[in-house]
Amino acid sequence: MPDWKKLIEAKIALARRGAPPGKQHSDSRLPAGQTLVTNFPVLDLGVHPEVSLERWSLRVHGLVEQEVLLDWQAFQALPQIEDISDFHCVTRWSQFDMNWEGVRARDLLALAQPLADARHVTLHSYDGYTTNLSLEALLDDDVIVAHSVLGAPLSKMHGGPVRLVVPKRYAWKSAKWLKAIELHAEDRPGFWEERGYHNEADPWKEERFSRD
Ligand SMILES: Nc1nc2c(c(=O)[nH]1)N[C@H]1C(S)=C(S)[C@@H](COP(=O)(O)O)O[C@H]1N2
Ligand SMILES: [Mo]
């Protein structure tokens, strides 16, 4: 026979105390420290490169069996998917229900066939920006190389023709104007990671800065 009295007392004590700190947000859609927006702000280094579809290409290189170089037509011919996710910026805004269309990063990487020692990637962008991810994070099934959002082609200010979207990381990992994905064995910090942003950038752990 369980000791009901003890169990009930323990439960009441828990309810009185409320959820332990850090737990409040774990059931919510909004990560700690974030504010919900609906206006999809623009954040970048201030350079919006003009990349015409004729000049555009996307390269997957480094530790791969088969280097991939896609022009616009070849990219469009890959299996297209739609993925709805929430977008969290380290500057504390989040927008829900972003409907991205494009190619799953995993499908793109499958064409290149990563070598066994490939563990990390650098995303290279047309504005000179870089950011890094583990190969594992890039291969997550919600990571998309997107050409459209919310029913329209990506505008230049949001990274068109094509950007990466990594919903489980703060948005600085979602490289706009994506130009190349480079695979390597070792981790190479990108633009913000070299300037004190957290290497992992998980909004659910509030991994904003590396020296918090
Ligand atoms: N190429 C490139 N990608 C970038 C950036 C950038 O400066 N250059 N800024 C990053 C940052 S800090 C954020 S918060 C998001 C913002 O995306 P948005 O402007 O579409 O909201 O893009 C990320 N991707
Ligand atoms: Mo950002």
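The preceding data block contains the structure.
Please read these numbers as outputs of a predicted model, since none were measured by experiment. (Residues numbered from 1 in each chain as written. Chains lettered and ligands numbered in written order. Predicted model: local features only at pLDDT ≥ 70, side-chain atom pairs only at ≥ 80, totals over all residues. Heavy atoms only, no water.)

1. Section: the overall build of the protein
(1) Moving on: Helix and strand counts for the protein stand at four helices and 11 strands.
(2) Moving on: For the protein, the residues scored as buried account for 45% of the 212 residues in total.
(3) Moving on: A separation of at least 24 residues holds for 68% of the contacts in the protein among residues at least 6 apart in sequence. (Helix = DSSP H or I, 4+ residues; strand = E, 2+ residues; numbered from the N terminus. Buried < 20%, exposed > 50% of the residue type's maximum accessible area, 1.4 Å probe, protein only. Contact = heavy atoms within 4.5 Å.)

2. What to know about the site of ligand 1
(1) Moving on: As a matter of local geometry, ligand 1 sits amid 21 residues, with Pro41, Asp127, His158, Arg163 and Lys176 nearest to it.
(2) Moving on: Interatomic distance of 2.7 Å between a backbone N/O atom of proline 41 and an oxygen atom of ligand 1.
(3) Moving on: When ligand 1 sits alone it has 540 Å² of accessible area, and the protein chains cover 98% of it. (Near = heavy atom within 4 Å. Polar contact = N/O pair within 3.5 Å; in protein donor to acceptor, adjacent residues only side chain to side chain. Areas by Shrake-Rupley, 256 points an atom, 1.4 Å probe, with all protein chains shown as cover.)

3. Points about the pattern of salt bridges
(1) Moving on: Tallied over the entire structure, the rule returns 11 salt bridges.
(2) Moving on: A salt bridge links lysine 168 to aspartate 140; its shortest N-O distance comes to 3.0 Å. With lysine 168 in the loop between strand E10 (163-165) and strand E11 (178-184) and aspartate 140 in the loop between helix H4 (135-138) and strand E8 (144-149), this residue pair connects regions lying 28 residues apart in the sequence.
(3) Moving on: What makes lysine 168 partly exposed here is its relative accessible area of 38%.
(4) Moving on: Overall, aspartate 140 belongs to the partly exposed group, its relative accessible area being 27%. (Salt bridge = Lys/Arg side-chain N within 4 Å of Asp/Glu carboxyl O.)

4. What about the environment of lysine 156?
(1) Moving on: With respect to the helices and strands, the residue lysine 156 is situated in the loop between strand E9 (152-153) and E10.
(2) Moving on: Looking at lysine 156, the relative accessible area reads 35%, which means it is partly exposed.
(3) Moving on: Sequence separation of lysine 156 and lysine 176 is 20 residues, and the distance between their C-alpha atoms is 9.0 Å.
(4) Moving on: What lysine 156 contacts, discounting residues up to four positions off in sequence, is His48, Pro49, Glu50 and Trp177.

5. Here's the deal with the nonpolar core
(1) Moving on: The biggest cluster of nonpolar side chains holds 33 residues, and the ones touching the most others in it are Phe75 and Leu138.
(2) Moving on: Looking at this core, the elements that each hand over two or more residues are strand E2 (57-62), strand E3 (68-71), helix H2 (72-76), helix H3 (105-112), strand E6 (120-125), H4 and E11.
(3) Moving on: Here this core takes four residues from H3, the largest share from any one element.
(4) Moving on: Leaving out residues up to four positions away in the same chain, phenylalanine 75 has contacts with Trp56, Leu58, Leu70, Gln80, Val103, Val145, His147 and Val162.
(5) Moving on: Cys89, Trp93, Trp100 and Leu154 belong to the second largest nonpolar core, which has 14 residues in total. (Core = buried A, V, L, I, M, F, W, Y, C linked by side-chain atoms within 4.5 Å.)

6. As for the pairing of E8
(1) Moving on: Here E8 lies mainly inside the structure; six of its six residues are buried.
(2) Moving on: The sheet contact formed by strand E5 (residues 93-104) and E8 spans five bridges and is antiparallel. Paired with arginine 104 across the bridge in E8 is isoleucine 144.
(3) Moving on: When E8 meets E9, the two strands line up antiparallel, connected through two bridges. Bridge pairing in E9 links serine 148 to proline 153.
(4) Moving on: In textbook terms, the turn of a hairpin is the stretch between consecutive antiparallel strands, and for E8 and E9 this stretch comprises two residues, one of which, leucine 150, has a positive phi near 50°. (Pairing = 2+ DSSP bridges.)

7. Comments concerning H3
(1) Moving on: All buried positions along H3 are accounted for by Ala105, Leu108, Leu109 and Ala112. Taken end-on, H3 shows its buried residues confined to a sector of 95°, consistent with a single buried face.
(2) Moving on: Close packing links the buried residues of H3 with E2, E3, E5, H4, E8 and E11.
(3) Moving on: Phi turns positive, to about 55°, at glutamine 113, one or two residues after H3. (Arc of directions from axis to C-beta.)

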